[in-house]
Amino acid sequence: MPKIFASCLLFVVLSFNAVYAQDSELLNKIKTISAESKGIVGVSILGLESHDTLNYNSQSRLVMHSVFKFPIAMCVLNLVDKGKFKLDEKIKVAKRDMHPNTWSPMRDKYPDGAELPLSEIIGYMVSQSDNTACDFLLKKIGGPKVVEEYIHSLGVKGIAIKASEADMASAWEVQYTNWAKPADLVHLLDIFYHGKALSKASNDFLMQAMLATTTGPHRLRGLLPKDAVVAHKTGTSPTNAEGLSPATNDIGIITLPNGKHLAIVVMVCNSKADEATRDEVIAKIAKAAWDTYGK
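Please read all numbers here as calculations on a predicted model, not as lab measurements.

### A look at the overall build of the protein chain
- The helix and strand tally for the protein chain stands at ten helices and ten strands.
- Whereas a compact globule of 295 residues would reach a radius of gyration of roughly 19 Å, the protein chain reaches 20 Å, a difference of no more than 12%.
- Projected onto its principal axes, the C-alpha positions of the protein chain cover 75 × 45 × 35 Å.
- Out of the 295 residues in the protein chain, the part that is buried amounts to 53%.
- Roughly 13,400 Å² of accessible area belongs to the protein chain as shown, and the carbon and sulfur atoms make up 56% of that amount.
- Distance from the positive charge centre (33 side chains) to the negative charge centre (31 side chains) of the protein chain: 2 Å.

### Regarding the packing of aromatic side chains
- One pass over the structure, following the stated rule, counts one aromatic pair.
- Ring geometry for Phe70 versus Phe192: centroids 5.5 Å apart, planes at 80°, classification edge-to-face. Of this pair, Phe70 sits in helix H2 (residues 69-81) while Phe192 sits in helix H8 (residues 182-193), placing them 122 residues apart in sequence. You'll find Phe70 and Phe192 in the same group, each marked buried.

### Things to note about the pattern of salt bridges
- Tallied over the full model, the rule gives ten salt bridges.
- The partner of Glu149 in a salt bridge is Lys145, and the shortest N-O contact between them spans 3.9 Å. One end of the pair, Glu149, and the other, Lys145, are both in helix H6 (residues 144-153), four residues apart, so they sit about a helical turn from each other.
- Its relative accessible area of 45% is what places Glu149 among the partly exposed residues.
- In this structure, Glu148 engages Lys162 in a salt bridge whose closest nitrogen and oxygen atoms are separated by 3.0 Å. In this pair, Glu148 sits in helix H6 while Lys162 sits in the loop between strand S6 (159-160) and helix H7 (165-170), placing the two residues 14 residues apart along the sequence.
- Judged by its relative accessible area of 10%, Glu148 is buried.

### Things to note about the sheet that holds strand S3 (residues 62-63)
- Spatial ordering of the open sheet is given by S3-S7-S6, a layout of three strands whose pairing is antiparallel. Both outer strands of the open sheet, S3 and S6, are each paired with one neighbouring strand and no more.
- Relative to strand S7 (residues 179-180), S3 runs antiparallel, the two sharing two bridges. Bridging from a neighbouring strand, Val63 pairs with Trp179 of S7.

### A look at H8
- Here H8 spans 16 Å end to end across twelve residues, near enough to the 16 Å set by a 1.5 Å rise per residue.
- Counting buried positions along H8 gives ten out of twelve residues, so the element sits mostly inside the fold.
- Along H8, the positions that sit buried rather than exposed are Pro182, Ala183, Asp184, Leu185, Val186, Leu188, Leu189, Asp190, Ile191 and Phe192.
- Looking one or two residues past H8, Gly195 carries a phi angle of roughly 65°, positive in sign.

### As for the nonpolar core
- Within the largest apolar cluster, 64 residues are counted, with the highest numbers of intra-cluster contacts made by Met64, Phe70, Met106, Ile121, Ile159, Leu185 and Leu206.
- The element that contributes the greatest number of residues to this core is H2, accounting for nine residues.
- Aside from chain neighbours lying at most four places away, what touches Ile159 is Met64, Glu148, Ile151, His152, Trp179, Ala180, Asp184, Leu185 and Leu188.
- Core analysis: the next-biggest nonpolar cluster, separate from the first, contains 26 residues, Ile30, Ile45, Leu224 and Val268 among them.

### What about the state of the cysteines?
- Tallied over the full model, the rule gives zero disulfides.
- Unpaired in terms of disulfides, Cys75 finds its nearest cysteine sulfur in Cys134, a separation of 12 Å.
- Classification of Cys75 as buried rests on a relative accessible area of 2%.

### Brief notes about unusual backbone geometry
- Positive phi, close to 60°, is recorded for His51, a residue that is not glycine.
- Tracing the sequence through the fold places His51 in the loop between strand S1 (40-47) and strand S2 (53-56).
- A positive phi angle is found at Asn270, which is not glycine, with a value near 50°.
- Relative to the helices and strands, Asn270 is located in the loop between strand S10 (261-269) and helix H10 (275-293).
- Exposure remark for Asn270: the relative accessible area of 26% places this residue in the partly exposed category.

Cut-offs applied
Residues numbered from 1 in each chain as written. Predicted model: local features only at pLDDT ≥ 70, side-chain atom pairs only at ≥ 80, totals over all residues. Heavy atoms only, no water. Helix = DSSP H or I, 4+ residues; strand = E, 2+ residues; numbered from the N terminus. Rg over C-alpha atoms; globule rule 2.2 N^0.38 Å. Buried < 20%, exposed > 50% of the residue type's maximum accessible area, 1.4 Å probe, protein only. Areas by Shrake-Rupley, 256 points an atom, 1.4 Å probe, with all protein chains shown as cover. Lys, Arg positive; Asp, Glu negative; His and termini not counted. Charge placed at Lys NZ, Arg CZ, Asp CG, Glu CD. Phe/Tyr/Trp six-rings, centres within 6.5 Å; stacked < 30°, edge-to-face > 60°. Salt bridge = Lys/Arg side-chain N within 4 Å of Asp/Glu carboxyl O. Pairing = 2+ DSSP bridges. Expected span 1.5 Å × (residues − 1). Core = buried A, V, L, I, M, F, W, Y, C linked by side-chain atoms within 4.5 Å. Contact = heavy atoms within 4.5 Å. Disulfide = S-S within 2.5 Å.

Here it is, written out as structure tokens:
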């Protein structure tokens, strides 16, 4: 064997072993951290430049809750790209659309209804996880089935969208009909990041909305540097009388210190831990990934 080829082969083997050891160490950390949740934790991590992957319970069907607002936004923006809507067009949101007894900064600002640009309604849904904005947009585009069919058309099959926010609030078991496999959510983030589904203008708009997210500050962002760039979407269920929380989630794209990007999904399902612990599980996993891949 030529010496040069032998040297290259040795370098490749050593590099592979180093990467494997790094991923193995991170996986062990994730397993240890996940035990704190007293529930099921699903994790999927993807290097958006390298396409290296790391998965833990990534094929489990886990409750999404407001994480589903990310695929809804993609579906609405696809219709914008097709000319059915325009981001700057004013849309009438009636007083009857401003549902009481739900999380809605939009309703709080416009209790009697208003004519709002589509961009503002999407912004409420994504950046502030507004339930009223979400259900208004779902109704506008034809319901959950339209979103599910669109996401499946992108080749992402492990996501089910069957219920609106109002539907989920109507009965405890309904929230379980909106589920996703962490690996499929990472696949959707990959499609989004690389501009394979939406126009550049729509992609840029949604990225800015996710960068402006105000919910879940103690999750993916929780233990990262204050200036870390994180575009993300959270999802949070109620907790029942027995202390069971079906969903505490955060998914997003993190810009690493080395300039590369990480798509990450962390979903905490059916947990008996308190909210601070659930948030901390997500934060610790994100920090471990940051430390591992950001060098």
